[in-house]
Structure formats: structure tokens, C-alpha cells
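So the chains spell out like this:
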Amino acid sequence: MFKNKFQSGFLSIFYSLGSKPLLMWESKVRNGHIMRVTDNDIHSQVLEVIGANVSTTYITCPADPNKTLGIVLPFLVMIVKNLEQYFSFEVQVLDHKNARRRFRVSNFQSTTRVMPFICTMHLSLGDGWNQIQLNLVDFTKKAYGTNYIETLRVQIHANCRIRRVYFSDRLYTEDELPAEFKLYLPINSQKPEVKHT
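To keep things clear, this report deals only with the structure shown in the data block.

Definitions and limits used
- Residues numbered from 1 in each chain as written.
- Predicted model: local features only at pLDDT ≥ 70, side-chain atom pairs only at ≥ 80, totals over all residues.
- Heavy atoms only, no water.
- Helix = DSSP H or I, 4+ residues; strand = E, 2+ residues; numbered from the N terminus.
- Rg over C-alpha atoms; globule rule 2.2 N^0.38 Å.
- Buried < 20%, exposed > 50% of the residue type's maximum accessible area, 1.4 Å probe, protein only.
- Contact = heavy atoms within 4.5 Å.
- Areas by Shrake-Rupley, 256 points an atom, 1.4 Å probe, with all protein chains shown as cover.
- Salt bridge = Lys/Arg side-chain N within 4 Å of Asp/Glu carboxyl O.
- Disulfide = S-S within 2.5 Å.
- Phe/Tyr/Trp six-rings, centres within 6.5 Å; stacked < 30°, edge-to-face > 60°.
- Lys NZ or Arg CZ within 6 Å of the ring centre and 35° of its normal.
- Core = buried A, V, L, I, M, F, W, Y, C linked by side-chain atoms within 4.5 Å.
- Arc of directions from axis to C-beta.
- Polar contact = N/O pair within 3.5 Å; in protein donor to acceptor, adjacent residues only side chain to side chain.

## Examining the overall build of the protein chain
Scanning the protein chain from terminus to terminus reveals 1 helix and 14 strands. Here the protein chain has a C-alpha radius of gyration of 16 Å; the compact-globule value for 197 residues is 16 Å, and the two agree. Referenced to the eigenvectors of the C-alpha coordinate spread, the extents of the protein chain come out at roughly 45 × 35 × 35 Å. Across the 197 residues in the protein chain, those meeting the buried criterion constitute 52%. Relative to all contacts within the protein chain whose residues are 6 or more apart in sequence, the contacts with residues 24 or more apart total 71%. With the model as given, the accessible surface of the protein chain reaches about 9,900 Å², and the carbon-plus-sulfur share is 49%.

## Details of the pattern of salt bridges
The full count for this structure, using the stated rule, is 10 salt bridges. A salt bridge links Glu90 to Arg102, with the shortest nitrogen-to-oxygen separation between them at 3.0 Å. Of this pair, Glu90 sits in strand β7 (residues 88-95) while Arg102 sits in strand β8 (residues 100-106), and the two are 12 residues apart along the sequence. Glu90 gets classed as buried once you look at its relative accessible area, which sits at 13%.

## Some details on the state of the cysteines
In this structure the tally under the stated criterion is 0 disulfides. You can see Cys160 has no disulfide; the closest cysteine sulfur is in Cys61, sitting 15 Å from it. By relative accessible area, Cys160 is classed as buried at 1%.

## Side note on the environment of Gln7
Summarising the element assignment, Gln7 is placed in the segment before β1 (10-15). Note on Gln7: relative accessible area 14%, which makes it buried.

## A look at the packing of aromatic side chains
Across all of its chains, the model carries 9 aromatic pairs by this definition. With 5.1 Å between their ring centres and 65° between their planes, Tyr86 and Phe108 make a pair best called edge-to-face. Of this pair, Tyr86 sits in the loop between β6 (75-82) and β7 while Phe108 sits in the loop between β8 and β9 (113-114); the two residues are 22 residues apart in sequence, bridging distant segments of the chain. Where Phe103 meets Tyr144, the ring centres are 5.6 Å apart and the plane angle is 55°; that geometry is what we call tilted. Placement of the pair is Phe103 in strand β8 and Tyr144 in helix α1 (residues 136-144), with a sequence separation of 41 residues. Accessibility assignment for this pair places Phe103 and Tyr144 in one class, buried. The lysine or arginine in question, Arg164, covers the ring of Tyr15, its NZ or CZ lying 3.8 Å from the ring centre. Over the aromatic face of Phe181 sits the side chain of Arg164, whose NZ or CZ is 4.0 Å from the ring centroid.

## Points about the nonpolar core
One finds Ile13, Met78, Phe87, Phe89, Ile156 and Ile162 to be the most contacted residues of the largest nonpolar core, which totals 40 residues. Not counting the four nearest positions on each side in its chain, Ile162 is found in contact with Phe14, Ser16, Val46, Leu47, Val49, Ile59, Ile79, Val80, Trp129 and Ile156.

## Observations regarding α1
For α1, every residue scored as buried is listed here: Leu136, Phe139, Thr140, Ala143 and Tyr144. In a view along the axis of α1, the buried residues occupy a sector of 100°, so they form one face of it. Backbone nitrogen of Val137 and a side-chain oxygen of the N-cap are separated by 3.2 Å at the start of α1; the cap is Asn135. Looking one or two places after α1, you find Gly145, whose phi comes out positive at around 70°.

By themselves these figures say nothing about function.
Quick look at the structure:
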């Protein structure tokens, strides 16, 4: 989708306030819902992904299973709300050996496990809204011993609320972020911790 486009700074693939936030996404729902709601903490519309089973309710980008994102920016950033329920997301990347590798991150997986094509990791979320940051270059190198080339697909499972999902060329401080990429919250909000060994 973005392979032949110039990529620098920020590249957003989801924004809850857009006119069609799921235009590039496909959604699957079983025993749950995916809908825009107004979040009381930030007084703004967000996407709520709720399901009885995390594996059967999710959104995935790109919508077409035969297409890939082709995003080369190394940092994935997600602004999500902790709903105190099981939650997971998955990122599929391509490495220099032309292998498709996946990272599955969840708050119910207690240890990091690396298999040839999938690495599962624990995610520790703070209360309320969180900014999740993944250094895909670093994770690909540590988990698989290979070099990150590009991100192919992102899949976000129940249960969470989503404000924005974007890629960036580096990590930016709050002061450096464009206004529309900020989540206006009290200063004391914590950053989640993704544990990997």
C-alpha cells in the first residue's frame, strides 16, 4: 500500500476522528462489537473493540489479505485504552531473509517465547490510556537475529479502545508531536512496558 511512497516522520494508518477510520481495515466480530464511542476520559470519539474471545474479534490492516502495508518506518506507536480485560495485537514484518515474522503482544501472555516465525510477548498496561511503542528493528534483531525490512500487516484484537495507530522514523517527545498525534491527558499517565528477554 505504501511501498512506493516516500516515508519519513509520521505515517498514520488509523485515527478515530477520521471520516472513515476503518477505510483501510477489515473487521471481524464474533460475540462482541467494533464501534465508535465517546470516551469519557478524553471527551472524544474512539474506536471500541470488544469481544468475548480476543482471537475472534479484531481489526486488520490492510483490508485486502493479498496486499501488504510496505511501511519501512521502524517504530510502531499505538494509543489505546486499557479496559482491564484480555487484549492483544499482532504485527507482521518482513526481514532481510525474505521471511515473514510475527510479533504477538498480549496482556495475558506471561513470558516471551520465540519460535521460527512468531514471537509472543507480554504487555503490561497502565490504567486508562497508554501509548505503546515498538522498535521493530530492535525486536526483529533480538527475536530472530535478522534485519527488519518493512511492516506487512497490523492486527488489533479485543479488548481495547483505540485513538491512533501510526509509524514513525524515530521516537518523538510529547513536545515534538504534531497536535493531532497527542492525547490530551493529565501528565501522570504511565507508558506501558513490553517485556522481552
